[in-house]
Amino acid sequence: DAGTAGTAAPRFPDGFLWGVSTSAHQIEGAADEREPSVWDAFTAGPGHIKDGSTAQVACDHYHRHAEDVALLAGLGVGAYRFSVSWPRVNSPGGLDFYDRLVDELLAAGVRPVPTLFHWDLPARLDWLERDTASRFAEYVSVVAGRLGDRVDKWITLNEPAEHTLLGHALGVHAPGRKLLFDALPVAHHQLLAHGLAVRALRAAGAAGIGIANSHGPTWAASAEPADVEAADFYDVLLNRLFAEPLLLGEYPAGLGELMPGDVRADLKIISEPLDWYGINYYAPTLVGAPEGAEIEFGGVTLPAELPFSVREIEGRPVTDFGWPVVPEGLTELLTGFRDRYGDRLPPVVITENGCSYEGLDDTDRIAYLDGHIRALHRAVEAGVDVRGYFVWSLLDNWEWAEGYARRFGLVHVDYETLERTPKASYRWYRDLLRAQGRASG
Ligand code: GBH
C-alpha cells in the first residue's frame, strides 16, 4: 500500500535541495587500490558480518562511477552525497578518483556533497588517540585543496554517535571494541576532529560546512519516573551528546567531566559555527528502565548492564530490517530541535532517510519515503528552516555488519553481475523531483 503516494506531494520552498546519499566503503569496492581501513580488519574477524561477505567488490562503483552518475542524472537529483575514503586518498591515484567524480557530477548537473569521514578509518589509526583528530584535519586540508574550487557543500563526519556506539561501545561495527561507557573519548575525539576540520576547510576557503548526525525522538515506555529517566538518558546519548557541543559549545551536564584532555578549550574548537546541520533520521526509539537482560534492537544485541532498555514500538509496519515506520517522528524531531536550540540551530538538511525492503516493485519503500517527505513538509510549515532531503540510498549496497542482506537502494544491484536496475521507487522519486521542478536547488 503506497499510502498517500497517489496524491501530489506538497511544494517545498524555493531552492530546496533534493538528493541521494551513499558512502565509499559501502559501494566502491576496489579494496586493493587503497590502504586498508579498520573495516577490512574487522570484516576478516569470525562472525562479524552476518552473511560472511566483504566489501572488496561491493557495487564496484570505483570502476562503474560513470554508469552511476548517469543514474543520478536520470533521477534528476540536485545533489549527490558521497563519501571520500581517507584510506583511498592516502593511496596513489585516490584523490584523482574523487576529482574526476566531482567533474562528472557537475557535467551531469548534480551538485557534489562529499562526506569526509563515513567510518572507514585508515587501519593504522584509532579514535581512542587524540592525535587522530589532527591527522583528520591534515587529510581534510588535502581534500579541500583539491576539490574546493568545485565543491560548495561539505560534510565533516557521518554519525559520530553510531560510530562510537556500534564500533567502540558494543563492538558490532569496526573496530569491534566493547568498551561501553569507556568509549566516550571516541565521541570527544571525533567531535574535536570535526572542529579542526571546520577550521581547515575555512582556511582552504571552503564554505557550506555541515555535519551528518544520527538523531531521533526518544519516547519513554510509560510515564513512570524510572522509564522517563531512562528515556532521558538515551536522549542524552543519541541526541544531546552530539548536538550540544556543536551548537551550544557545552556537553550535557556530567559528561564533560568524563571526556579526555582540556575539554573547555576543545569545546571552543568543536563549536566553530556551522553553515548547516545535517540529520540522518530512520525511526524513534522507545526506551524504558533497565530490565536486566540482553535486548535485540535493530539488528544489535544490547548488553544487560546498560542503564536503559529499548522496547518494541508496536502497531507500526516494520521494514525488512525490523525498524518501525514512524514518519511523524521526523516532524517531532525537527520541531523538538528547533524548540530546544532556537536560533543556535543552523538551517537543517536531512542527509539520510530510507528503508530496507526486497524487490523491484518496492511500493513499501515508496510509502516510507512519501510519508517521511510529507512529515518533513509539516516541519517546514511549523517554521523549521529545512533546506534539503537526501534518500539513503542511491544503490543497494554493503550494509556493514549485515552484509548484502539489507537493500536500501532506489536502484537494485545484482551482486553476481553488478547490473543496476532502477526500482519502482527510483521512478517515483524522479517524478516527485520533476513535480517539484526545483531539484537543482
Ligand atoms: C546509517 O546508519 C549509516 O550512515 C549508513 O551508512 C547506513 O547504511 C544506513 O544508516 C542504514 O543503516 O530503532 O530498530 O528502528 C544508521 C544507523 C539507524 C542505527 C537506526 C539504528 C535504529 C533501529 N541507525 N537504527 S530501530
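Quantities reported herein were computed from a predicted structural model and do not represent experimental measurements.

Caption draft 1: Molecular detail of helix α5 (residues 94-107). Across its 14 residues, α5 extends 21 Å between first and last C-alpha, which sits within 8% of the 20 Å expected from 1.5 Å per residue. Those residues of α5 that sit buried are Gly94, Leu95, Phe97, Tyr98, Asp99, Leu101, Val102 and Leu105. Directly after α5, the chain includes Gly109, whose backbone phi takes a positive value near 80 degrees.

Caption draft 2: Representation of the UniProt feature "binding site: substrate" (unreviewed entry) in the chain within the structure. If you check UniProt for "binding site: substrate" (unreviewed entry), the listed places come out as Gln26, His118, Asn158, Tyr282, Trp392, Glu399 and Trp400 in our numbering. Looking at the element boundaries, Tyr282 is found in the loop between β7 (277-280) and β8 (285-288). Not counting residues up to four positions away in its chain, the partners in contact with Tyr282 are Glu159, Trp323, Pro324, Glu352, Gly354, Tyr368, His372, Trp392 and Phe408. Within the fold, Trp392 resides in strand β13 (residues 386-392).

Caption draft 3: Broad picture of the sheet that holds β7. The eight strands lie next to each other as β1-β2-β3-β4-β5-β7-β12-β13, forming a closed barrel whose pairing is parallel. Adjacent strand axes in the sheet meet at a mean angle of 25 degrees, parallel and antiparallel pairs treated alike. In this structure, strand β1 (residues 17-21) lies alongside β13, joined through five bridges in parallel fashion. Each residue of the ladder has a partner; that of Ser21, found in β13, is Trp392.

Caption draft 4: Spotlight on the environment of Leu241. Its location among the elements puts Leu241 in helix α9 (residues 225-247). For the pair formed by Leu241 and Ala220, sequence separation is 21 residues and the distance between their alpha carbons is 18 Å. Excluding anything up to four places from it in sequence, Leu241 contacts Leu184, Leu191, Val236, Tyr251, Pro252, Leu255 and Met259.

Caption draft 5: Spatial organisation of the state of the cysteines. Enumeration over the complete set of coordinates arrives at zero disulfides. Considering cysteine sulfurs only, Cys355 is the nearest to Cys59, which forms no disulfide, with 17 Å between them. Residue Cys59 is classed as buried on the basis of its relative accessible area, which comes to 0%. Of the residues examined, Cys355 reaches a relative accessible area of 1% and is grouped as buried.

Caption draft 6: Representation of the pattern of salt bridges within the structure. As enumerated under the stated definition, the model contains 34 salt bridges in all. One salt bridge connects Glu35 with Arg124, and the closest N-O pair in it is separated by 3.2 Å. Of this pair, Glu35 sits in the loop between α1 (24-27) and α2 (38-44) while Arg124 sits in the loop between β3 (111-117) and α6 (131-147), and the two are 89 residues apart along the sequence. Two residues, Arg111 and Asp152, come together in a salt bridge whose shortest N-O distance is 3.0 Å. On the criterion of sequence distance, the pair formed by Arg111 in strand β3 and Asp152 in the loop between α6 and β4 (154-158) is long-range, its members being 41 residues apart.

The rules behind the values
- In every chain, residue numbers begin from 1 and rise along the written sequence.
- In view of the model being predicted, local features appear only for residues whose pLDDT reaches at least 70, and side-chain atom pairs are presented and counted only at 80 or more, with totals across whole chains, interfaces and linings using the full set of residues.
- The side-chain figures draw on all heavy atoms in the structure; neither hydrogens nor water molecules are used.
- The numbering of helices and of strands both runs from the N terminus, where a helix is a DSSP run of H or I of at least 4 residues and a strand a run of E of at least 2.
- One less than the residue count of a helix, multiplied by 1.5 Å, gives the span that helix is expected to have.
- Burial here depends on accessible area, computed with a 1.4 Å probe over protein chains only, as a share of the maximum for the residue type. Under 20% is buried, over 50% is exposed, and the range in between is partly exposed.
- UniProt positions are given in the numbering used here, feature names are shortened, and annotations may be inferred rather than shown by experiment.
- Note on contacts: a residue pair qualifies if any of its non-hydrogen atoms lie within 4.5 Å across the two residues.
- Note on pairing: two strands pair once DSSP finds at least 2 bridges between them.
- Comment: axis = line fitted to C-alpha atoms, over the contacting stretch for helices; angle = value between 0 and 180 degrees taken between N-to-C directions.
- We call a pair of cysteine sulfur atoms a disulfide when they lie within 2.5 Å.
- One speaks of a salt bridge when a side-chain nitrogen belonging to Lys or Arg is within 4 Å of a carboxyl oxygen belonging to Asp or Glu.

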